[in-house]
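Here is what each chain is made of, one letter per residue.
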Amino acid sequence: MPNELYFCDMKPIIAPSILAADFANLQHEIEMINESDADWVHVDIMDGVFVPNISMGLPVVEAINRHARKPLDVHLMIVNPERYVEAFFKAGAKVISVHIEACPHLHRNIQQIKALNIKAGVAVNPHTPIDLLKDIIADVDLVCLMSVNPGFGGQKFIENTYQKVKELRQLINQRQSSALIEIDGGVNEKNAKPLLDAGANVLVAGNFVFSAPQPKEVIGKLKALA
Ligand code: DX5
Ligand code: ZN
(Lines give C-alpha, C1' and ligand atoms only; values in the text may rest on other atoms or scores of the structure.)
(Ligands and ions follow the chains in the order given, each with its own letter.)
Protein backbone atom coordinates (compact mmCIF):
# COMPACT_ATOMS: atom_id res chain seq x y z
CA MET A 1 0.00 0.00 0.00
CA PRO A 2 1.55 3.35 -0.91
CA ASN A 3 2.17 5.57 2.04
CA GLU A 4 0.58 8.92 1.17
CA LEU A 5 2.82 10.88 3.51
CA TYR A 6 5.72 9.59 1.46
CA PHE A 7 5.39 11.10 -1.95
CA CYS A 8 6.89 8.10 -3.73
CA ASP A 9 9.41 10.23 -5.58
CA MET A 10 12.36 8.44 -3.96
CA LYS A 11 13.49 11.70 -2.42
CA PRO A 12 14.05 11.59 1.33
CA ILE A 13 11.49 13.02 3.70
CA ILE A 14 13.10 15.77 5.74
CA ALA A 15 11.74 16.40 9.22
CA PRO A 16 13.41 19.29 11.10
CA SER A 17 13.20 18.71 14.85
CA ILE A 18 11.58 21.67 16.57
CA LEU A 19 13.39 20.72 19.80
CA ALA A 20 16.44 22.55 18.46
CA ALA A 21 14.46 25.67 17.49
CA ASP A 22 14.34 28.94 19.42
CA PHE A 23 11.30 28.35 21.65
CA ALA A 24 10.91 32.08 22.19
CA ASN A 25 10.40 32.51 18.43
CA LEU A 26 8.47 29.38 17.52
CA GLN A 27 6.21 31.08 14.98
CA HIS A 28 9.22 32.43 13.11
CA GLU A 29 10.93 29.02 13.21
CA ILE A 30 7.82 27.28 11.88
CA GLU A 31 7.46 29.82 9.10
CA MET A 32 11.04 29.03 8.11
CA ILE A 33 10.09 25.33 7.92
CA ASN A 34 6.94 26.22 5.93
CA GLU A 35 9.02 28.07 3.36
CA SER A 36 11.69 25.37 3.16
CA ASP A 37 11.86 22.03 1.35
CA ALA A 38 11.06 20.22 4.61
CA ASP A 39 8.25 17.66 4.48
CA TRP A 40 7.31 17.19 8.14
CA VAL A 41 7.83 18.94 11.45
CA HIS A 42 9.32 16.54 14.01
CA VAL A 43 7.99 17.20 17.52
CA ASP A 44 9.73 15.55 20.50
CA ILE A 45 7.63 14.92 23.59
CA MET A 46 9.62 13.95 26.70
CA ASP A 47 8.10 13.16 30.08
CA GLY A 48 11.08 13.12 32.45
CA VAL A 49 10.30 9.44 33.20
CA PHE A 50 10.93 7.41 30.06
CA VAL A 51 13.75 9.83 29.24
CA PRO A 52 15.69 12.05 31.65
CA ASN A 53 14.37 15.30 30.23
CA ILE A 54 11.09 17.23 29.83
CA SER A 55 10.45 19.02 26.54
CA MET A 56 6.99 20.39 25.72
CA GLY A 57 3.35 19.49 26.17
CA LEU A 58 0.01 19.72 24.42
CA PRO A 59 -0.50 23.52 24.41
CA VAL A 60 2.82 23.99 22.64
CA VAL A 61 1.98 21.32 20.06
CA GLU A 62 -1.38 23.02 19.44
CA ALA A 63 0.42 26.33 18.96
CA ILE A 64 2.90 24.75 16.52
CA ASN A 65 0.02 23.23 14.61
CA ARG A 66 -1.70 26.60 14.23
CA HIS A 67 1.24 27.83 12.15
CA ALA A 68 2.67 24.70 10.52
CA ARG A 69 1.70 23.92 6.94
CA LYS A 70 3.54 20.58 7.08
CA PRO A 71 2.38 17.43 8.90
CA LEU A 72 3.40 17.12 12.55
CA ASP A 73 5.46 13.99 13.22
CA VAL A 74 5.07 13.50 16.96
CA HIS A 75 7.68 11.35 18.72
CA LEU A 76 6.37 10.30 22.13
CA MET A 77 9.21 9.57 24.55
CA ILE A 78 6.76 8.92 27.36
CA VAL A 79 5.49 6.04 29.47
CA ASN A 80 1.85 4.95 29.07
CA PRO A 81 1.47 6.72 25.71
CA GLU A 82 -2.08 5.33 25.34
CA ARG A 83 -3.19 7.99 27.85
CA TYR A 84 -2.16 10.82 25.52
CA VAL A 85 -2.39 9.53 21.93
CA GLU A 86 -5.86 10.97 21.34
CA ALA A 87 -4.90 14.33 22.83
CA PHE A 88 -1.86 14.61 20.54
CA PHE A 89 -4.05 13.65 17.60
CA LYS A 90 -6.44 16.47 18.54
CA ALA A 91 -3.45 18.80 18.88
CA GLY A 92 -2.63 18.12 15.22
CA ALA A 93 -0.36 15.06 15.00
CA LYS A 94 -0.40 13.30 11.61
CA VAL A 95 2.22 10.72 12.58
CA ILE A 96 2.59 9.42 16.13
CA SER A 97 5.45 7.17 17.22
CA VAL A 98 5.61 5.33 20.52
CA HIS A 99 8.67 3.59 21.96
CA ILE A 100 8.81 -0.20 21.90
CA GLU A 101 10.65 -0.02 25.24
CA ALA A 102 7.71 1.85 26.84
CA CYS A 103 4.95 -0.38 25.42
CA PRO A 104 4.37 -3.91 26.74
CA HIS A 105 1.20 -3.94 24.61
CA LEU A 106 2.71 -2.39 21.51
CA HIS A 107 0.24 -3.98 19.09
CA ARG A 108 -2.62 -2.34 20.98
CA ASN A 109 -0.83 1.03 20.96
CA ILE A 110 -0.38 0.82 17.19
CA GLN A 111 -4.05 -0.10 16.67
CA GLN A 112 -5.08 2.85 18.83
CA ILE A 113 -3.08 5.27 16.65
CA LYS A 114 -4.30 3.75 13.39
CA ALA A 115 -7.92 3.95 14.52
CA LEU A 116 -7.49 7.73 14.43
CA ASN A 117 -6.65 7.48 10.72
CA ILE A 118 -3.13 8.81 11.13
CA LYS A 119 0.23 7.13 10.65
CA ALA A 120 1.54 4.89 13.40
CA GLY A 121 5.21 4.57 14.14
CA VAL A 122 7.37 2.59 16.53
CA ALA A 123 10.57 4.12 17.88
CA VAL A 124 13.52 1.95 18.94
CA ASN A 125 16.41 2.85 21.19
CA PRO A 126 20.00 2.27 20.05
CA HIS A 127 20.38 -0.95 22.09
CA THR A 128 17.08 -2.52 21.00
CA PRO A 129 17.57 -5.31 18.44
CA ILE A 130 15.78 -5.05 15.09
CA ASP A 131 14.63 -8.67 15.57
CA LEU A 132 12.10 -7.48 18.13
CA LEU A 133 10.20 -5.74 15.34
CA LYS A 134 9.48 -8.83 13.29
CA ASP A 135 5.93 -9.36 14.54
CA ILE A 136 4.92 -5.71 14.37
CA ILE A 137 6.67 -4.51 11.21
CA ALA A 138 3.70 -5.32 8.93
CA ASP A 139 1.41 -3.19 11.12
CA VAL A 140 3.42 0.01 11.36
CA ASP A 141 3.77 2.89 8.91
CA LEU A 142 7.14 3.99 10.23
CA VAL A 143 10.06 2.84 12.34
CA CYS A 144 11.92 5.64 14.09
CA LEU A 145 15.44 4.34 14.59
CA MET A 146 17.13 6.27 17.35
CA SER A 147 20.69 7.07 16.36
CA VAL A 148 21.34 8.69 19.76
CA ASN A 149 19.97 7.85 23.20
CA PRO A 150 16.64 9.69 23.37
CA GLY A 151 16.27 12.65 25.68
CA PHE A 152 18.43 15.41 24.25
CA GLY A 153 19.20 17.12 20.98
CA GLY A 154 22.72 17.80 19.77
CA GLN A 155 24.24 14.40 20.60
CA LYS A 156 26.80 12.43 18.62
CA PHE A 157 25.49 10.00 16.00
CA ILE A 158 25.94 6.31 16.91
CA GLU A 159 27.74 4.56 14.04
CA ASN A 160 26.07 1.18 14.62
CA THR A 161 22.92 2.77 13.16
CA TYR A 162 24.05 1.95 9.59
CA GLN A 163 23.99 -1.75 10.42
CA LYS A 164 20.55 -1.42 11.98
CA VAL A 165 19.17 0.38 8.93
CA LYS A 166 20.36 -2.47 6.70
CA GLU A 167 18.84 -5.11 8.97
CA LEU A 168 15.58 -3.19 9.17
CA ARG A 169 15.43 -2.72 5.38
CA GLN A 170 15.84 -6.50 5.00
CA LEU A 171 13.09 -7.20 7.52
CA ILE A 172 10.74 -4.72 5.80
CA ASN A 173 11.35 -6.42 2.45
CA GLN A 174 10.95 -9.93 3.88
CA ARG A 175 7.64 -9.07 5.55
CA GLN A 176 6.42 -6.93 2.64
CA SER A 177 5.90 -4.02 4.99
CA SER A 178 5.43 -0.46 3.72
CA ALA A 179 7.06 1.04 6.81
CA LEU A 180 9.30 4.04 6.33
CA ILE A 181 12.67 4.10 8.09
CA GLU A 182 13.21 7.33 9.98
CA ILE A 183 16.59 8.21 11.49
CA ASP A 184 16.51 10.37 14.59
CA GLY A 185 19.54 11.90 16.25
CA GLY A 186 22.82 13.42 15.19
CA VAL A 187 21.99 13.54 11.48
CA ASN A 188 24.43 15.76 9.59
CA GLU A 189 26.07 16.32 6.20
CA LYS A 190 28.44 13.41 6.74
CA ASN A 191 26.00 10.62 7.63
CA ALA A 192 22.86 11.68 5.73
CA LYS A 193 23.80 10.18 2.34
CA PRO A 194 25.18 6.87 3.70
CA LEU A 195 22.00 6.50 5.76
CA LEU A 196 19.83 6.96 2.68
CA ASP A 197 22.05 4.55 0.74
CA ALA A 198 21.57 1.97 3.51
CA GLY A 199 17.79 2.24 3.13
CA ALA A 200 16.55 5.14 5.25
CA ASN A 201 13.60 7.25 4.00
CA VAL A 202 13.12 9.96 6.61
CA LEU A 203 15.83 12.14 8.14
CA VAL A 204 15.13 14.03 11.35
CA ALA A 205 17.56 16.90 11.90
CA GLY A 206 17.60 19.24 14.87
CA ASN A 207 20.85 21.00 15.60
CA PHE A 208 22.22 20.48 12.11
CA VAL A 209 19.36 22.62 10.78
CA PHE A 210 18.73 25.14 13.53
CA SER A 211 22.32 25.95 14.42
CA ALA A 212 23.13 26.71 10.79
CA PRO A 213 23.27 30.35 9.67
CA GLN A 214 20.94 29.48 6.77
CA PRO A 215 18.63 26.68 7.98
CA LYS A 216 16.57 26.66 4.77
CA GLU A 217 19.67 25.94 2.72
CA VAL A 218 20.61 23.05 5.00
CA ILE A 219 17.11 21.58 4.61
CA GLY A 220 17.34 22.04 0.84
CA LYS A 221 20.66 20.20 0.71
CA LEU A 222 19.30 17.27 2.71
CA LYS A 223 16.24 17.11 0.45
CA ALA A 224 18.44 17.09 -2.65
CA LEU A 225 20.25 13.91 -1.52
CA ALA A 226 18.87 10.90 -3.31
C1 DX5 B 1 16.26 13.03 20.73
C2 DX5 B 1 15.15 13.50 19.84
C3 DX5 B 1 15.61 13.95 18.49
C4 DX5 B 1 16.43 15.21 18.53
C5 DX5 B 1 17.26 15.29 17.29
O6 DX5 B 1 15.73 12.51 21.91
O7 DX5 B 1 14.23 12.43 19.63
O8 DX5 B 1 14.49 14.13 17.63
O9 DX5 B 1 15.62 16.36 18.62
O10 DX5 B 1 18.11 16.38 17.41
P11 DX5 B 1 19.58 16.38 16.78
O12 DX5 B 1 19.40 16.30 15.30
O13 DX5 B 1 20.14 17.68 17.25
O14 DX5 B 1 20.31 15.19 17.32
ZN1 ZN C 1 12.71 12.62 17.99
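The structure we're discussing is the one just above.
Because the structure is a prediction, the values reported are computed rather than measured.

**Notes on the state of the cysteines**
Here comes step 1: The final tally for this structure, using the stated rule, is 0 disulfides.
Here comes step 2: Here cysteine 103 stays unpaired: no disulfide links it, and the sulfur of cysteine 144, its closest cysteine neighbor, is 13 Å away.

**Description of the nonpolar core**
Here comes step 1: Counting 65 residues, the largest nonpolar core has Ile18, Leu133, Leu168 and Ile183 as its most contacted members.
Here comes step 2: Sorting elements by how many residues they give to this core places helix H5 (residues 161-174) first, with 5 residues.
Here comes step 3: Contacts of isoleucine 183, omitting those with residues within four sequence positions, involve Leu145, Ser147, Phe157, Thr161, Val165, Leu195, Ala200, Val202, Leu203 and Val204.
Here comes step 4: Core analysis: the next-biggest nonpolar cluster, separate from the first, contains 12 residues, Ala15, Val95, Cys144 and Met146 among them.

**A look at the site of ligand 1**
Here comes step 1: Around ligand 1, a shell composed of 20 residues is seen, among which Asp44, Gly151, Asp184, Gly186 and Gly206 lie nearest.
Here comes step 2: One of the side-chain N or O atoms of serine 17 is found 2.9 Å from an oxygen atom in ligand 1.
Here comes step 3: The side chain of histidine 75 places a nitrogen or oxygen atom 3.2 Å from an oxygen atom of ligand 1.
Here comes step 4: Considering ligand 1 on its own, with 380 Å² of exposed area, one finds that the protein chains cover 99% of that surface.
Here comes step 5: Given that more than half its atoms are within 2 Å of the pocket grid, ligand 1 belongs to the largest pocket.
Here comes step 6: Contributing elements (two or more residues each) for the shell around ligand 1: strand E2 (41-46), strand E3 (72-77) and strand E8 (202-205).

**A few points about the layout of surface pockets**
Here comes step 1: The calculated volume of the largest pocket comes to roughly 300 Å³.
Here comes step 2: Every residue lining the largest pocket is counted, 25 residues in all, and those nearest its centre are Gly153, Gly154, Gly185, Gly186 and Gly206.
Here comes step 3: Contributions of two or more residues to the lining of the largest pocket are made by E2, E8 and helix H7 (207-210).
Here comes step 4: Looking at side-chain class alone, the lining of the largest pocket contains 12 nonpolar, 11 polar and 2 charged residues.

**Let's talk about the sheet that holds strand E5 (residues 119-124)**
Here comes step 1: Taken together, 8 strands build an open sheet; the order of strands is E1-E8-E7-E6-E5-E4-E3-E2 and the sheet is parallel. The outermost strands of the open sheet, each flanked by one partner alone, are strand E1 (13-16) and E2. The mean inter-strand angle of the sheet, taken between neighbouring strand axes irrespective of direction, is 25 degrees.
Here comes step 2: Sheet strands touched by helix H4 (residues 106-114): strand E4 (93-99) and E5. Its angle to E5, the strand with the most contacts, is close to 145 degrees.

**Here's the deal with unusual backbone geometry**
Here comes step 1: For asparagine 80, which is not glycine, the phi torsion reads 50 degrees and is therefore positive.
Here comes step 2: Accessibility expressed as a relative area gives 35% for asparagine 80, which makes it partly exposed.

Criteria and thresholds
Residues numbered from 1 in each chain as written. Chains lettered and ligands numbered in written order. Predicted model: local features only at pLDDT ≥ 70, side-chain atom pairs only at ≥ 80, totals over all residues. Heavy atoms only, no water. Disulfide = S-S within 2.5 Å. Core = buried A, V, L, I, M, F, W, Y, C linked by side-chain atoms within 4.5 Å. Buried < 20%, exposed > 50% of the residue type's maximum accessible area, 1.4 Å probe, protein only. Helix = DSSP H or I, 4+ residues; strand = E, 2+ residues; numbered from the N terminus. Contact = heavy atoms within 4.5 Å. Near = heavy atom within 4 Å. Polar contact = N/O pair within 3.5 Å; in protein donor to acceptor, adjacent residues only side chain to side chain. Areas by Shrake-Rupley, 256 points an atom, 1.4 Å probe, with all protein chains shown as cover. 1 Å grid on protein atoms, 1.4 Å probe; cavity = no way out; pocket = protein on both sides within 12 Å on 5 of 7 lines; lining within 4 Å. Sits in = over half its atoms within 2 Å of the grid points. Points joined across faces, edges and corners; volume = space filled by probe spheres on them. Nonpolar A, V, L, I, M, F, W, Y, C, P; charged D, E, K, R; others polar. Pairing = 2+ DSSP bridges. Axes fitted to C-alpha atoms, helices over the stretch in contact; angles between N-to-C directions.

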